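Breakdown of the fold
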Amino acid sequence: MDLEQFLAKVPQAYSAADRESFAKAYALAQKAHAGQTRASGQPYLAHCVGVANILMGMEVAPSMVIAGLLHDTVLD
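Below, the structure is looked at part by part. Values in this document were obtained by computation on a predicted structure and should not be read as measured data.

1. Re the overall build of the protein
The number of helices and strands found in the protein is four helices and zero strands. The helix and strand sequence of the protein, counted from the amino end, reads α-α-α-α. In terms of C-alpha radius of gyration, the protein reaches 12 Å, essentially the compact-globule figure of 11 Å for 76 residues. The principal-axis extents of the C-alpha atoms in the protein amount to approximately 35 × 20 × 20 Å. Expressed as a percentage of the 76 residues in the protein, the buried residues total 32%. Sequence-distant contacts, at least 24 apart, represent 54% of the contacts inside the protein between residues at least 6 apart. Across the protein, the 5 positively charged side chains and the 7 negatively charged ones have centroids separated by 2 Å.

Below, the structure written as structure tokens:
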């Protein structure tokens, strides 16, 4: 899922500033996981985006969505 597709799924409950923060976190996660794949062959970023999508569906605080996107970047 590219950035535009990800941002299209952001619920209306989040502000424009939240969306901007999500875009920055997405870009950082994308850079950190560049070239990495999961055992299934999917880009590793798909896992981080999946976590963020689950959190957005729960309409948690924006910082938690960002944490979902970035949770594995510390390892890289």
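2. What about helix α2 (residues 16-32)?
Here α2 spans 24 Å end to end across 17 residues, near enough to the 24 Å set by a 1.5 Å rise per residue. If you check which residues of α2 are buried, you get Asp18, Phe22, Ala23, Ala25, Tyr26 and Ala29. Structurally, α2 contributes buried residues whose contacts are with α1 (3-8), α3 (45-57) and α4 (62-70).

3. Some thoughts on the environment of Leu75
On the secondary structure map, Leu75 appears in the segment after α4. In this structure the C-alpha to C-alpha distance between Leu75 and His33, which are 42 residues apart in sequence, comes to 10.0 Å.

4. Details of the packing of aromatic side chains
Inspection of the entire model under this criterion finds two aromatic pairs. Their ring planes at 70° and their centres at 5.3 Å tell us that Tyr14 and Phe22 sit as a pair that is edge-to-face.

5. Looking at the nonpolar core
In this structure, Phe6, Tyr14, Phe22, Met56, Val65 and Leu69 are the most contacted members of the largest nonpolar core, which totals 17 residues. Taken together, the elements giving at least two residues each to this core come down to α2, α3 and α4. In terms of residue count, α3 provides more of this core than any other element does, six residues in total. Those residues in contact with Phe6 that sit more than four places away from it in its chain are Met1, Phe22, Tyr26, Val49, Ala52, Asn53, Met56 and Leu69.

About the thresholds
Residues numbered from 1 in each chain as written. Predicted model: local features only at pLDDT ≥ 70, side-chain atom pairs only at ≥ 80, totals over all residues. Heavy atoms only, no water. Helix = DSSP H or I, 4+ residues; strand = E, 2+ residues; numbered from the N terminus. Rg over C-alpha atoms; globule rule 2.2 N^0.38 Å. Buried < 20%, exposed > 50% of the residue type's maximum accessible area, 1.4 Å probe, protein only. Contact = heavy atoms within 4.5 Å. Lys, Arg positive; Asp, Glu negative; His and termini not counted. Charge placed at Lys NZ, Arg CZ, Asp CG, Glu CD. Expected span 1.5 Å × (residues − 1). Phe/Tyr/Trp six-rings, centres within 6.5 Å; stacked < 30°, edge-to-face > 60°. Core = buried A, V, L, I, M, F, W, Y, C linked by side-chain atoms within 4.5 Å.

Spatial relationships are all this shows, so hold off on functional conclusions.
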